[in-house]
Amino acid sequence: MKPQIYLDHAATTPMRREVHEAMEPYLLEHYGNPSSIYEIGRQARKALDASRDAVAEILGAEAREIVFTSGGSEADNLAIKGAALAQRGKGNHIITSAIEHHAVYDTCRYLEKYGYNVTFLPVSAEGMVDPGSVAAAIRPETILVSIMHANNEIGTIQPIAQIGNILREKSILFHTDAVQTVGHVPVDVGELGVDLLSLSGHKFYGPKGVGALYIKKGTKIEPLIHGGAQERQRRAGTENVAGIVGLATALRLAVDEMEETAARQRDLRDRLIEDVLTTVPHTRLNGHRTQRLPGNVSFCFEYIEGESLLLNLDMRGIAASSGSACTSGSLEPSHVLLALGLPHEIAHGSLRLTLGRDTTKEDIDTVIDVLPGIVQRLREMSPLYDASTIIR
Ligand SMILES: *Cc1c(COP(=O)(O)O)cnc(C)c1O
């Protein structure tokens, strides 16, 4: 077995040992229900409260503005469906972008079936939403704007604070899917000017199956899950105490080392981008060159299939992805790459390498070492590639 080089941190991250240690007591000894009044219930309640305080403080929010969910997807669903249902009397128009994660994109598509109108804003070739286009799309019946903080496939970081400024004076709710940024770059709900913000534990070395939605106080949200008074009536069900403790612990650790980790990742990211662009012809970088997640690298290699590239990298012990984890396996290229204006055949040749806190210079050297040869070999087998006719 060759050593594994894991470069798919945008899909998920390995849980930190310290996080597991913090969670364990709440899986074993302190198993009480936080709603119970006896000692082990109170212990669970205390841990839940402390975790909520910690998450709120890091985001610049108040504890009562944090609702724990089963992950980023549920947080996105709660934000969008919850806001849409609660504002139904006000209007039925939603503005989002063409490059949202499926948890936002498909939720908006779903609402279209129930009488909501959705504007999917186009993005620039670098995957950037123009704040002016948000302003221009606003109608009297607009109730919600949902624009992701950073894209999971191409890494582009959106001008959320600028959009927040446009919406601040209007009574339109503003949601951002910050699943890719929380724990990686500074996120403060006040600075961003958002009413709703989604995050997910397993994207910052916490456990899977736990996330949170920030709901600014005074914001009306219809719950999606009924059956109990938990989370201030906004999300029924006995809380995932151990998972929530894990999420809060992971977030604290991520924020403490953020600056250092991000700086190291940016260096490795930029070296990888430059090396590949100079050594592999007919290659494009997807996403913005600088306004980009510290750990995100995304390419399109012309004349090859991303899937074959992934299999070849896997044989060399390198785990990466093509498009997003949700779309790989399907034959349709990702809606994100298509929204950048890439033709189908080029979007098919995409490769996403996402770096983590443990990624080393040696890992990146290995990729730089093996990638050009794999691409060359695949191109030679490709009917689309006729080396003699290509002018470099
Ligand atoms: C991973 C991800 C999600 C979904 O989060 P889960 O916790 O896996 O449900 C949503 N949005 C973005 C941008 C993501 O990267």
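For the structure, see preceding data.
Caption draft 1: The arrangement of the sheet that holds strand β6 (residues 173-177) in detail. Reading across the sheet, the seven strands line up as β2-β8-β7-β6-β5-β3-β4 and stay open at both edges, with mixed pairing between neighbours. Each having just a single partner strand, β2 (66-69) and β4 (117-121) make up the two edges of the open sheet. Put simply, the sheet's adjacent strands are angled 20° from each other on average, direction ignored. Across the sheet, helix α6 (residues 160-168) is in contact with β5 (142-146) and β6; its angle to β6 comes to roughly 170°.

Caption draft 2: Main features of the environment of glycine 72. When you line up the elements, glycine 72 lands in helix α3 (residues 72-86). Residue classification places glycine 72 among the buried positions, given a relative accessible area of 10%. Each C-alpha atom of the pair glycine 72 and asparagine 33 lies 24 Å from the other, and the pair is 39 residues apart in sequence. With near-sequence residues (within four places) excluded, glycine 72 lies in contact with Val179, Ser198, Leu199 and Ser200.

Caption draft 3: The arrangement of the sheet that holds strand β12 (residues 350-354) in detail. Strand order in the open sheet formed by three strands is β9-β10-β12, and the pairing between neighbours is antiparallel. Of all the strands in the sheet, the pair left with one neighbour each is β9 (283-285) and β12. Strand-to-strand twist of the sheet, defined as the mean angle between neighbouring strand axes without regard to direction, takes the value 25°. Bridge count between strand β10 (residues 296-301) and β12: five bridges; the pairing is antiparallel. Residue pairing across strands places cysteine 300 opposite serine 350, the latter belonging to β12. The sheet contacts of helix α10 (residues 258-279) involve β9, β10 and β12, and relative to β10 the element is tilted by about 15°. Contacts from helix α14 (residues 361-381) reach β9, β10 and β12, with the element oriented near 20° to β10.

Caption draft 4: Spatial organisation of helix α11 (residues 306-315). Residues of α11 that are buried include every one of Gly306, Leu309, Leu310, Asn312 and Leu313, and no others. In a view along the axis of α11, the buried residues occupy a sector of 165°, so they form one face of it. Exposed and oriented more than 90 degrees from the buried face of α11 are Leu311 and Met315. Tucked inside the fold, the buried residues of α11 contact β10, β11 (318-319), β12 and α14. Backbone geometry just downstream of α11 places glycine 317 in the positive-phi region, at approximately 80°.

Caption draft 5: Quick peek at the pairing of β4. Here β4 lies mainly inside the structure; four of its five residues are buried. Bridging between strand β3 (residues 93-97) and β4 involves five bridges; their strand directions are parallel. Across the sheet, serine 97 pairs through a bridge with leucine 121, a residue of β4. Crossover connection from β3 via helix α4 (residues 102-112) to parallel β4: handedness right-handed.

Caption draft 6: Inspection of the packing of aromatic side chains at higher detail. By the definition in use, this model includes four aromatic pairs. Taking 5.5 Å as the distance between ring centres and 45° as the angle between the ring planes, the aromatic pair formed by phenylalanine 299 and phenylalanine 301 counts as tilted. The lysine or arginine in question, arginine 88, covers the ring of tyrosine 116, its NZ or CZ lying 4.8 Å from the ring centre. The ring of tyrosine 205 carries the charged tip of arginine 357 above its face, separated from the ring centre by 5.6 Å.

Procedures and definitions
Residues numbered from 1 in each chain as written. Predicted model: local features only at pLDDT ≥ 70, side-chain atom pairs only at ≥ 80, totals over all residues. Heavy atoms only, no water. Pairing = 2+ DSSP bridges. Helix = DSSP H or I, 4+ residues; strand = E, 2+ residues; numbered from the N terminus. Axes fitted to C-alpha atoms, helices over the stretch in contact; angles between N-to-C directions. Contact = heavy atoms within 4.5 Å. Buried < 20%, exposed > 50% of the residue type's maximum accessible area, 1.4 Å probe, protein only. Arc of directions from axis to C-beta. Right-handed = clockwise from strand over helix to strand, strands pointing away. Phe/Tyr/Trp six-rings, centres within 6.5 Å; stacked < 30°, edge-to-face > 60°. Lys NZ or Arg CZ within 6 Å of the ring centre and 35° of its normal.

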